[in-house]
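Per-entry structural report
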Amino acid sequence: MSNKKLPDDSAITQTSTRNHFRLLVRLVCLIGAVLCLLPIRDKDALLAIVPALSPFVAVTSILATKTIQPIFGLGLITGLVALFRHRWFCRWACPMGLCLDGASCLGRRLKRKPFQTMSIGRWLLALTLGGAILGYPLFLWSDPLALFGGLFLLTEQHQLLAGVVSFLLVALLLIFSLLWPHVWCRGLCPLGAFQDLLSTMSRSVRSILRPATDLPGRDHSGHPVARRTILGLLMGSASASILRITGREPSQPLRPPGAVDELTFKGLCSRCGNCIRSCPHNIIRRDTGQHGLAGILTPVLTFDKDYCREDCIRCTRVCPSGAIVGVNLDNKPDIQIGMAQVDMNLCLLGEDHECSACMRWCPYNAIRYVFSEAEYMLVPVIDAEKCNGCGACEAACPTSPRKAIRVFSKVKAS
Amino acid sequence: MKNQMTRRDCLRIMGMSGIGIGTGLGIDKQLLAQDIGESGFQSSVIATNKVQDNRSNAVLIDGKVIQPRRQLPVLTETDVLVVGGGPAGIVAAIAARRAGAKVTIVERYGHFGGLWTGGLVLLILGHIAKGPKQVCQGIGEEMMRRLEKMDGAIINRRPGSNPTVDAEAVKYLMVEMIEEAEVQVFLHCWGVDAVTQNNSLRGAVFESKSGRQAILAKVVIDATGDGDIFAAAGAQFEHRSHNVGLVSRIGNLDRIDKTKTSDTEKPKRLGSATPVRGINWVNLTGPEVDGLDLATLTRMEMNHRKYIWNKTQKVRKVPGYDNVYLAETAPQLGVRITRILNGLKTVKVNDIKNSTRHPDVIGVGGASNAEHGEWQIPYGALIPQTVDNVLAAGRCISCDIRMADLVRLIPNCFVTGQAAGVAAAVAVRDRCKPRDANITEIQKILRQQEAYLG
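Keep in mind it's a predicted model, so treat the numbers as computed, not measured. (Residues numbered from 1 in each chain as written. Chains lettered and ligands numbered in written order. Predicted model: local features only at pLDDT ≥ 70, side-chain atom pairs only at ≥ 80, totals over all residues.)

**Comments concerning the overall build of chain A**
Within chain A, the regular secondary structure consists of 19 helices and 6 strands. Buried residues in chain A amount to 46% of all 414 residues. Restricting to contacts in chain A with at least 6 residues of sequence separation, those with at least 24 account for 73%. (Helix = DSSP H or I, 4+ residues; strand = E, 2+ residues; numbered from the N terminus. Buried ≥ 20, exposed ≤ 12 C-beta atoms within 10 Å, placed from the backbone. Contact = placed C-beta atoms within 7 Å.)

Have a look at this one:
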């Protein structure tokens, strides 16, 4: 004990070497994360790694979807290690943490006082987990790995706006770290708070099992933490149930195939941008708030240029939170994205023009042109059994600026 | 100058003022004698008490109508016989002639152009691929350029846009081009049968006012649109239904007083502009039916004409639209797709998706509105699987059901017509079957004829 209070020279050298080694590891992790997230096609597996490492995302997803996906494994392993090694992920691996630590160091050199007291992250965590139980994880989007992944949307030309939004978010955190060093890691980060919770739990369990053993670190009675956590969980569940009752948005956006129900999706989506970056046809965009504030930055489908191909399930493979699940190439025709609808005021057939674009490009033979004796013209009729809302018709429709045939979410269509 | 009439002017005036009246001067008598004929009357007797030559009319035997076997007169012998004078047929004839073959073309109506002119399908769709890039070149593009030089023949002829032509200008131009190319022509000549020998075409049979006759040829190009000739020869095909409509033209659209009606009351479906001022052409898609069924075709003609007349009457009742009138309904019914050849190769919709490249490419198609990329047409899509010495051109070439609506568009008929013409000429020159014709040579000549092959 005394050694720790008064470290000798060798201990200082040791600590310094250890710090250098840790910095090196963190740099390697940062570079690795960047490489994984850079836009090189055909590397879905790599793309999924970074956001999937978060145990916060994994546990929330299990609670929200009541299922276990293979992709949650990574996060669970991280969480398992965190039970025994307090905040190991923050100290050794977190790419976001390293960036913010850089800003914090600069802040400390500028004589800013390090952030010490308030812990919002714990509340974010508790509210999210509480909400997840009822299918609406409130603050999953604040996961640092998802925020970090979002940055890489800047590399996608068609996603520039979304990339800028993500960039501004991270830039804001950097400025905060400059002004109040370590504000994110110590005060705001729900992933950090989750690791805190995990190690507190494990310590409590271990102290019950081996009461004589003197565990290092501050003496936690555990009770205030537990009380706060339970309160947070209850509040999260309460707000999620309120959202469930009141949260029906008037216009529902189109989600990637296999998306969980709309309300859950808004919460469960960590906004990591993986699906957006994995889409080879660039039809997934970030919602910029057209469908209500709750769904901001979530992925929505746009069919103005291309459509959701019948031979592609890439976005469903890279979702770290299980918000997009359960699609394979066999069942893809049955996975409902939405339903096509024709506006005869815009359709070329309504003006007797020669056009068969939507029928030609429908991969599921869901469109037929039926001759109406009364109108004496052809009217496109969509077979609701066959149409899965893939958007091939919308992409092919030659009318501009508005497409005559468009896919709407099933709720509106029915 | 104006007062001094030349002899020609004088004659013209004489002629116009009535042939019967202008008999006072000897010089006119001499000139008009040819027109009047020997009898001195407008009509003259060619033969008296005549019985039809070579007649072998059908007879009723035991309640069955029997057509006796008979020898048919051979009207002519040629290298390349083109059946059908629509966009595909005309271009095929010109291309084959330019490639050095002796060519005969027969057409069932009294004019060239098929559905383009007789069907009043005046809008040129399908020659522009995504980009926009014009993929229809060659003789089709030459026609467009020549129409451009004519007065009032074509509008909207801009890069990346779909032009609209005047039907009469096209009919005139086609006569001009066919005459320039020195192609032998028979109009009013309906190809009804194939002349075959050992599963190979040797010519075709025609029905006309001159009776049933045959034309013998080394290669026959079936540009009938319905595949009448390859079907008669026993080639395999797919019989499909499609929409059968009727185009019309309405006039006085420049005399509408739009101030008299509110926007919501303004009539819709008034078609789109043509080179003639105030005249629109109005498309009609019509129901999906069998375009080879006589009763159906009859019903379509009658129903469509009733509808078009009644619709125009409704338009005329809208305040401000009372001057609008029905200028004409197309002489020819708008049959889109009937028989589709089962060819050695097939144009497939996935060719567009995958940008498939065919080694035997003979032409490239575009999109209706430049909404997708170009697609190559393989030579094999013009060749029947089993029957020899016949090539399909135009809307009846081998294609999958999703591509038929692109294949049938006018520019693509130009493209397949030109290819069929060149291929036929090459086969004649090299004394081989069209399926064995040297594809490199065909492609070389097509390129010389400024066709675009991707």
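**Some remarks on the overall build of chain B**
Scanning chain B from N- to C-terminus turns up 11 helices and 24 strands. Taken against the 2.2 N^0.38 rule, which gives 22 Å for 454 residues, the C-alpha radius of gyration of chain B at 25 Å falls within 12% of a compact globule. If one aligns the C-alpha atoms of chain B with their principal axes, the spans along those axes are about 70 × 70 × 60 Å. Taken across its 454 residues, chain B has 46% of its residues classed as buried. (Rg over C-alpha atoms; globule rule 2.2 N^0.38 Å.)

**Digging into the packing of helix α3 (residues 87-98) of chain B against helix α5 (residues 167-180) of chain B**
Think of two packed helices as two axes; the pair is described by the angle between the axes and how far apart they sit. Residues and elements named next belong to chain B. Running from N to C, α3 and α5 point in directions that differ by 20°, and their axes come no closer than 9 Å. Considering their axes alone, α3 and α5 lie roughly parallel with respect to each other. Of the two possible hands of crossing, α3 and α5 adopt the one that is left-handed. Of α5, the residues touching α3 (which contributes Ile 90, Ala 93 and Ile 94) are Met 174, Met 177 and Ile 178. Each residue belonging to the contact of α3 with α5 can be placed in one class, and the counts come to 6 nonpolar, no polar and no charged. (Axes fitted to C-alpha atoms, helices over the stretch in contact; angles between N-to-C directions. Parallel < 35°, antiparallel > 145°, perpendicular 65-115°, else oblique. Left-handed = near helix turned anticlockwise from the far one by under 90°. Nonpolar A, V, L, I, M, F, W, Y, C, P; charged D, E, K, R; others polar.)

**What to know about the domain arrangement of chain B**
Residues and elements named next belong to chain B. What the domain assignment lists for chain B is domain 1 (74-240 + 338-448) and domain 2 (242-335). Computed over C-alpha atoms only, the centres of domain 1 and domain 2 are separated by 29 Å. Of all the secondary structure elements, the ones that give two or more residues to the side of domain 1 that touches domain 2 are β7 (154-155) and β8 (164-165). (Domains from an automatic or database assignment.)

**Quick word on the pairing of strand β14 (residues 242-245) of chain B**
All names here are of chain B. By the bridge criterion, 2 bridges tie β14 to strand β18 (residues 288-289) in an arrangement that is antiparallel. Opposite His 242, over in β18, you have Val 289 as the bridge partner. Strand direction decides the pairing type here: β14 and strand β20 (residues 334-335), joined by 2 bridges, are antiparallel. Across the sheet, Gly 245 pairs through a bridge with Gly 334, a residue of β20. (Pairing = 2+ DSSP bridges.)

**Here we look at the confidence of the model for chain A**
Residues and elements named next belong to chain A. Per-residue confidence for chain A averages 82 on the pLDDT scale, and 87% of its residues sit at or above 70. Residue range residues 1-7 is modelled with pLDDT below 50. Its contacts to residues more than four positions away, or to other chains, number 2 contacts. Every residue in residues 217-222 is under pLDDT 50, and counting partners more than four places away or in other chains gives 5 contacts. (pLDDT = per-residue confidence, 0-100.)

**Quick look at the interface of chain B and chain A**
On the chain A side, the residues contacting the 18 residues of chain B number 15 residues. In terms of residue class, the side of chain B that touches chain A is built from 6 nonpolar, 6 polar and 6 charged.

**Focus: the domain arrangement of chain A**
Split by domain assignment, chain A resolves into domain 1 (18-210 + 218-246) and domain 2 (336-414). Taking only C-alpha atoms, the centre of domain 1 of chain A and the centre of domain 2 of chain A are 44 Å apart.

**Considering the nonpolar core**
Within the largest apolar cluster, 127 residues are counted, with the highest numbers of intra-cluster contacts made by B:Val80, B:Ile221 and B:Ala424. Considering every element that reaches this core, the biggest residue donor is helix α10 (residues 410-429) of chain B, with 13 residues. Two domains each provide a minimum of three residues to this core, namely domain 1 (74-240 + 338-448) and domain 2 (242-335) of chain B. With residues near it in sequence (within four places) discarded, B:Ala424 still touches B:Val80, B:Ala96, B:Ala101, B:Val219, B:Ile221, B:Leu391 and B:Pro434. Listed in part, the 108 residues of the second largest apolar core include A:Ala103, A:Leu301, A:Val342 and A:Ala395. (Core = buried A, V, L, I, M, F, W, Y, C linked by C-beta atoms within 7 Å.)

**Some remarks on the sheet that holds β14(B)**
Taken together, the 3 strands give an open sheet; going across it, the order is β18-β14-β20 (chain B), and neighbouring strands pair in antiparallel fashion. In the strand order of this sheet, the two ends are held by β18 and β20 of chain B, each with one partner.

**Description of helix α4 (residues 55-65) of chain A**
Residues and elements named next belong to chain A. Counting buried residues along α4, 9 of its 11 residues qualify, which places the element largely inside the surrounding structure. When we look at burial in α4, the residues that qualify are Pro 55, Phe 56, Val 57, Ala 58, Val 59, Thr 60, Ser 61, Ala 64 and Thr 65. Its buried side turned inward, α4 meets α3 (44-52), α5 (72-84), α8 (120-133), α12 (190-209) and α14 (262-268). Positive phi appears at Lys 66, one or two residues downstream of α4, with a value of about 55°.

**What to know about the packing of helix α4 (residues 138-149) of chain B against α10(B)**
Residues and elements named next belong to chain B. Viewed as axis vectors pointing N to C, α4 and α10 meet at an angle of 130°, and their least axial separation amounts to 7 Å. Considering their axes alone, α4 and α10 lie oblique with respect to each other. Packed against α4, whose contacting residues are Gly 138, Ile 139 and Gly 140, the element α10 presents Pro 411, Phe 414, Val 415 and Gln 418 at the interface. Its residues placed into classes, the contact of α4 with α10 shows 4 nonpolar, 3 polar and no charged.

**Digging into unusual backbone geometry**
For the peptide bond that leads from A:Ser400 to A:Pro401, omega is 5°, which places it in the cis range. Assignment of secondary structure puts A:Pro401 in the loop between α18 (392-396) and β6 (405-408). Omega for the peptide link from B:Gly131 to B:Pro132 comes to -5°, which places this bond in the cis form. On the secondary structure map, B:Pro132 appears in the loop between β5 (128-129) and β6 (133-134). In this model, A:Asp352 sits at a positive phi of 65°, which is unusual for a non-glycine residue.

**Things to note about the sheet that holds strand β19 (residues 325-329) of chain B**
Residues and elements named next belong to chain B. What the 4 strands build is an open sheet, ordered β16-β17-β15-β19; its pairing is antiparallel. Whereas interior strands pair on both sides, the edge strands pair on one side only; in this sheet they are β16 (272-273) and β19. Pairing of β16 with strand β17 (residues 280-282), which is carried by 2 bridges, proceeds in the antiparallel orientation. Looking at the pairing, Ala 273 lines up with Asn 280 of β17.

**A look at the environment of B:Ala370**
All names here are of chain B. Mapped onto the secondary structure, Ala 370 falls in the loop between β22 (361-365) and β23 (375-378). For Ala 370, a count of 20 C-beta atoms within 10 Å translates into the label buried. In the structure, Ala 370 is positioned 53 residues away from Lys 317 in sequence and 38 Å away in space, judged by C-alpha atoms. Sequence-distant contacts of Ala 370, defined by excluding residues within four places in its chain, comprise Ile 128, Ala 129, Lys 130, Gly 131, Pro 132 and Gly 160.

**Here we look at the confidence of the model for chain B**
Reading fine detail from the predicted coordinates is not recommended where pLDDT is low. All names here are of chain B. On average, residues of chain B score 91 in pLDDT, and 91% of them reach the 70 mark or higher. Confidence drops under a pLDDT of 50 for residues 17-29, and excluding neighbours within four residues, the segment shows 8 contacts in the predicted structure. Taken over the whole predicted complex, pTM reads 0.80, whereas the ipTM for its chain interfaces reads 0.83.

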